[in-house]
Each structure stands twice: as structure tokens, then as C-alpha cells.
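# Examining the three-dimensional arrangement
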Amino acid sequence: MVRKDGGERVLDLMTWGVPLQGKPITNVRNLQSPFWRNMIANPDRRCIVPVTDFCEWSGEKGSKQEHWFSLPSREVFAFAGVWRPTEQGKAYAFLTCGYDGDSATHIVGKIDPKACPVILHEEDEERWLNGDVDEVRALATPFPSQLMKVA
């Protein structure tokens, strides 16, 4: 993950899944939850999660299909994430968001109608790491479908 340390960006190895009541939570869906609210409000607890693609699943148990999403214009792109120290080391989760309007019209919503990862535009990465809480909450929107592809 990429996080800020003393004003500088640092690359850091972290475990996916922030522990909550003994279970790793990998996705932040409720930004108003007291558990996540402090991490989102504190720039020192925000991170960028570099990814090349991500998978969503469809179908019934036993016959599920993978759907891999990517951004053709960016080999590596970033999810908005939060992190915290744990007894086992640093752990992170990435933000997800609902869809504006009907999920059936969004490229990810056609597969997962509940939520999609918050993908940051390159120009929003610094704002995610340093912005005030209202600025960063405004970034929790679906990435434009026309800029994505699914395989």
C-alpha cells in the first residue's frame, strides 16, 4: 500500500482485512460507521491500494464465474483505502460505494449490484491522502463505466 509518513509517500506491506471482532473486514461500505469514521477522518490512516485489475463473481454457489475488471488507460490504478496497526502488523481495507441511479447500468453493477471498489482518478490520489474528510467522502463514487473493461 502507499501511505503518508512524515509528509512523504511510502510503499508499505500490509495485510488485507482490518480485524473487527476477530474477523478480517476487507471492504469499507458504511463510511459513517464509528469503526471506519476515525480512519477516514485521519489522513495518516488513509492509503492507496495499487491494483492492476480486480475480480467480481456472479452465479450460484458451485457454478460461480469470475469477471475481471481493469482500466485500459492505466496499467496500475488505485483503490481508496484505510489502514491501522494491529497486533499482527498493519492491516488495510478498501472503500466500496453504491451506484448513482440504477446499478444495472454500471459495468460493475451488472455483476455486483451492491457495491463497487472506489477507484481513484490519478488527480484525486493526493486529495485522498491529504484532503479533509468532506473532500475524501466526495471521492466515494463509482468510477465511470466507459473508462473500464471487463473480461
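As shown above, the structure is provided for reference.
In this text, all values refer to a predicted model and were calculated from it rather than measured experimentally.

## Let's talk about the nonpolar core
Of all hydrophobic cores here, the largest spans 42 residues; its most connected members are Trp-128 and Met-148. Breaking this core down by element, the ones donating at least two residues are α1 (34-41), β7 (46-51), β10 (77-86), β11 (89-97), β13 (119-120) and α2 (125-130). Setting aside chain neighbours within four positions, we find Trp-128 in contact with Arg-46, Cys-47, Ile-48, Ala-80, Gly-81, Val-82, Leu-95, Leu-120, Val-136 and Leu-139.

## Regarding α1
Taken together, the buried positions of α1 are occupied by Trp-36, Met-39 and Ile-40. Angular distribution of buried residues about the axis of α1 spans 100°; they occupy a single face of the element. Exposed residues pointing more than 90 degrees away from the buried face of α1 are listed as Pro-34 and Asn-38.

## Overview of the pattern of salt bridges
According to the stated counting rule, one finds eight salt bridges in the structure shown. Between Glu-126 and Lys-4 there is a salt bridge, and its shortest N-O distance comes to 2.7 Å. Placement of Glu-126 in helix α2 and of Lys-4 in strand β1 (residues 2-5) is noted, with a sequence separation of 122 residues between them. By relative accessible area, which is 35% here, Glu-126 ends up partly exposed. Looking at Lys-4, the relative accessible area reads 14%, which means it is buried. Residue Arg-74 is joined to Glu-125 by a salt bridge in which the shortest nitrogen-to-oxygen separation is 3.3 Å. Within this pair, whereas Arg-74 is found in the loop between β9 (65-70) and β10, its partner Glu-125 is found in helix α2, the two being separated by 51 residues in sequence. The pair formed by Arg-74 and Glu-125 is uniform in burial state, with each residue classed as buried. One salt-bridge network, held together by shared partners, links Lys-4, Arg-9, Arg-74, Glu-122, Glu-125 and Glu-126.

The rules we used
- Residues numbered from 1 in each chain as written.
- Predicted model: local features only at pLDDT ≥ 70, side-chain atom pairs only at ≥ 80, totals over all residues.
- Heavy atoms only, no water.
- Core = buried A, V, L, I, M, F, W, Y, C linked by side-chain atoms within 4.5 Å.
- Buried < 20%, exposed > 50% of the residue type's maximum accessible area, 1.4 Å probe, protein only.
- Helix = DSSP H or I, 4+ residues; strand = E, 2+ residues; numbered from the N terminus.
- Contact = heavy atoms within 4.5 Å.
- Arc of directions from axis to C-beta.
- Salt bridge = Lys/Arg side-chain N within 4 Å of Asp/Glu carboxyl O.

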